[in-house]
Amino acid sequence: MRFGPFLSTLLHTFSNFTRIRAPSSPTRIAALRPLPLRSMSGIPFLGALFGSSSSNSTKMSYPDQRPDSEWRAVLNKEQFRVLREKGTEPPGSGKFDKHSPEEGVYTCAGCHAPLYKANHKFKSGCGWPAYFDSIPGAVTRHEDRTLGMTRIEIVCSNCGGHLGHVFKGEGYATPTDERHCVNSVSLNFSIDDKVVDIGSKESKV
Ligand SMILES: [Zn+2]
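Residues numbered from 1 in each chain as written. Predicted model: local features only at pLDDT ≥ 70, side-chain atom pairs only at ≥ 80, totals over all residues.

Caption draft 1: Molecular detail of the environment of Asn188. Locating Asn188 in the fold gives a position in strand β9 (residues 187-190). With 17 C-beta atoms packed within 10 Å, Asn188 lands in the partly exposed category. In the structure, Asn188 is positioned 92 residues away from Phe96 in sequence and 8.8 Å away in space, judged by C-alpha atoms. (Helix = DSSP H or I, 4+ residues; strand = E, 2+ residues; numbered from the N terminus. Buried ≥ 20, exposed ≤ 12 C-beta atoms within 10 Å, placed from the backbone.)

The structure is reproduced here in structure tokens:
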């Protein structure tokens, strides 16, 4: 019988309009979808395919509740696209990709909240600034089910501005085995470490 794949496709299409779901071959349906570049175990494929909920980050309330009209006034076009519309800058294009200061702090390009310290940054070779940890509480995580995969989106805890995604278990030689993959556009940098003390109540190390 050669109509297996056709049947799966038909059922999948059909299921978008009815409550009927493919009875026997979820793995075949999953195989039709593109896999994420990085291995991520335990991805709820069926949830991603059939679930109706999307990222709830837009429903969260953040201390900084400026409307888009105000953000447009203070952000340039690219900053607005990435921070407020969850865009992504092209790999290797960002000004902080190969930026390796000895000290200082990376702040949110939208609201200036301190997010990462210079010593959180490491060279990942992925094309975007990479951090193995953030300033405590500065970054909030959400499940992101766009593009047919499940990823963990990270946003600024103060204004909800989109930073990028966090990936785990990739085997980098860092203390957390996590990679905060952040758009340079979402960040500013200050060599003055004191910003961290003022903004986060974190004691200086
Ligand atoms: Zn912010």
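Caption draft 2: Seen up close, unusual backbone geometry. At Lys86, a residue that is not glycine, the phi angle is positive and equals roughly 60°. Positionally, Lys86 belongs in the loop between α5 (77-84) and β1 (105-108). Note on Lys86: 19 C-beta atoms within 10 Å, which makes it partly exposed. Residues other than glycine seldom take positive phi values, yet His112 does so here, at roughly 70°. Looking at where His112 falls in the secondary structure, it is placed in the loop between β1 and β2 (114-117).

Caption draft 3: Looking closely at the sheet that holds strand β5 (residues 139-144). Taken together, 6 strands build an open sheet; the order of strands is β3-β4-β8-β7-β6-β5 and the sheet is antiparallel. Since the sheet does not close on itself, it has two edges, and those belong to β3 (121-122) and β5, each with one partner. Bridge count between strand β6 (residues 151-156) and strand β7 (residues 162-168): 4 bridges; the pairing is antiparallel. Bridge assignment links Ile152 to a residue of β7, and that residue is Val166. (Pairing = 2+ DSSP bridges.)

Caption draft 4: Expanded view of α5. Taken as a whole, α5 has its buried residues at Gln79, Val82 and Leu83. Viewed end-on, α5 has its buried residues packed into an arc of 90°, placing them on one side of the element. As for α5, its buried residues are in contact with β7. Lys86 sits one or two residues past α5 and shows a positive phi near 60°. (Arc of directions from axis to C-beta. Contact = placed C-beta atoms within 7 Å.)

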